[in-house]
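Spelled out from the first residue to the last, the chains are:
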Amino acid sequence: MRSSGFTLSLLLFAGLFAAPAAAQVRQMETVGAYPLSAGAKRSGSARDTAVKLALEEAVIQVAMDLVSGVKSREAAAFLPDVLGDDPLDYISRFRIIEDRGERPAQFSQDPGVEFEYVVLVESHIDSARVRSRLAKAGLLMTRARTPAQRLLVVIDGNSDFEAYEALRRTLIDRVRVKSAVPVEMERGRIVLAVETSRSSRQLLENLLRSAPPGLLVTPVGSQVGGLTLRIELEAVPEDLGKKVPGAVRTGSRARN
């Protein structure tokens, strides 16, 4: 899926249609963040593009759950081409939960991006359509599904984006949760909706065991519906970072 001409009026028009009774519908909440370069003109298209990015992310997350036999990082590289340019091919309806507007960049890793237009979108994905497209491409999940639940992982404290991304990558690539989607982001608090068959306690144990060198995870609380964590990154020696797949390297900093 790539950004193309995509107006908000078309998006809202799609939201009028209910899913067919036989459809296998997945409800998703995803964030869309459209990077705004310094000095760029602001227009309604930034909001529209952020909405499309959120919808694309929702469709990708559903597709990732159906794909088997590939690593999630590899799947992320080719799934956009398999699924096509228009996320509305798979979406029965959606609504904008929050229009957060322009805010300092948190998602973009481009140092030239100062601001982003951010929206939080709820969408209803017809997973049968996604499965059909994946089947045509020869990508179908053959393993049996396991019961999953939605846990909220709260990241407490002023963690930077690099630490947040390292945690999310660990959950998906190492702990192998079905999905880990940000549903709330504000200063000092980030909330991930994590879909997994594990309990809160099992998820925490797996996370602590799977965290790569440099990613420090400190449990703050654990309850039936999720976890509260504090995270930070430490410098990893260059040699160790090369030997350990997924190791996070960051600049050194003084410690008391």
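Below you will find a few notes about this structure. Here the structure is a predicted model, which is why all the values come from computation and not from measurement. (Residues numbered from 1 in each chain as written. Predicted model: local features only at pLDDT ≥ 70, side-chain atom pairs only at ≥ 80, totals over all residues. Heavy atoms only, no water.)

### Thoughts on the nonpolar core
By size, the foremost hydrophobic cluster in this structure holds 29 residues, and its most contacted members are Leu79, Leu83, Ile125, Val130 and Leu134. Put simply, the parts of the chain that give this core at least two residues each are strand 1 (25-37), helix 2 (44-66), helix 3 (72-83), strand 2 (91-104), strand 3 (113-126) and helix 4 (127-136). Excluding anything up to four places from it in sequence, Val130 contacts Val59, Val62, Ala63, Leu66, Leu83, Tyr90 and Ile125. Residues Ile190, Leu207, Leu215 and Leu227 belong to the second largest nonpolar core, which totals 25 residues. (Core = buried A, V, L, I, M, F, W, Y, C linked by side-chain atoms within 4.5 Å. Buried < 20%, exposed > 50% of the residue type's maximum accessible area, 1.4 Å probe, protein only. Helix = DSSP H or I, 4+ residues; strand = E, 2+ residues; numbered from the N terminus. Contact = heavy atoms within 4.5 Å.)

### Overview of the sheet that holds strand 1
Pairing is antiparallel across the open sheet formed by three strands, whose spatial order is 1-3-2. Strands at the two margins of the open sheet, each flanked by one partner only, are strand 1 and strand 2. The average angle at which neighbouring strand axes cross in this sheet is 15°, direction not considered. Direction of pairing for strand 1 relative to strand 3: antiparallel, over a ladder of 13 bridges. Counted as the bridge partner of Gln27 is His124 from strand 3. Along the sheet, helix 4 contacts strand 1, strand 2 and strand 3; its crossing angle with strand 3, the most-contacted strand, is approximately 100°. (Pairing = 2+ DSSP bridges. Axes fitted to C-alpha atoms, helices over the stretch in contact; angles between N-to-C directions.)

### Re the sheet that holds strand 8 (residues 226-233)
Whether parallel or antiparallel, the strands of a sheet pair through hydrogen bonds between backbone atoms. Strand order in this open sheet of five strands is 5-6-4-8-7, and the pairing throughout is mixed. Two strands bound the open sheet, and with one partner strand each, they are strand 5 (179-186) and strand 7 (215-223). Shown here is a sheet whose adjacent strand axes are inclined to one another by a mean of 25°, direction ignored. Across four bridges, strand 4 (residues 149-156) lies against strand 8 in parallel orientation. Opposite Val154, over in strand 8, you have Thr228 as the bridge partner. Contacts between helix 5 (residues 161-174) and the sheet are confined to strand 4, strand 5, strand 6 (189-196), strand 7 and strand 8, with strand 8 contributing the most and set at about 125° to the helix. Seen against the sheet, helix 6 (residues 200-210) touches strand 4, strand 6, strand 7 and strand 8 and runs at an angle of roughly 170° to strand 7.

### Some thoughts on the packing of aromatic side chains
Overall, the coordinates contain one aromatic pair when judged by the stated rule. Ring centres of Phe161 and Tyr164 lie 5.6 Å apart, and the angle between their planes is 50°; on these two criteria the pair is classed as tilted. Within this pair, Phe161 and its partner Tyr164 are both found in helix 5, separated by three residues, close to a single helical turn. What makes Phe161 partly exposed here is its relative accessible area of 21%. (Phe/Tyr/Trp six-rings, centres within 6.5 Å; stacked < 30°, edge-to-face > 60°.)

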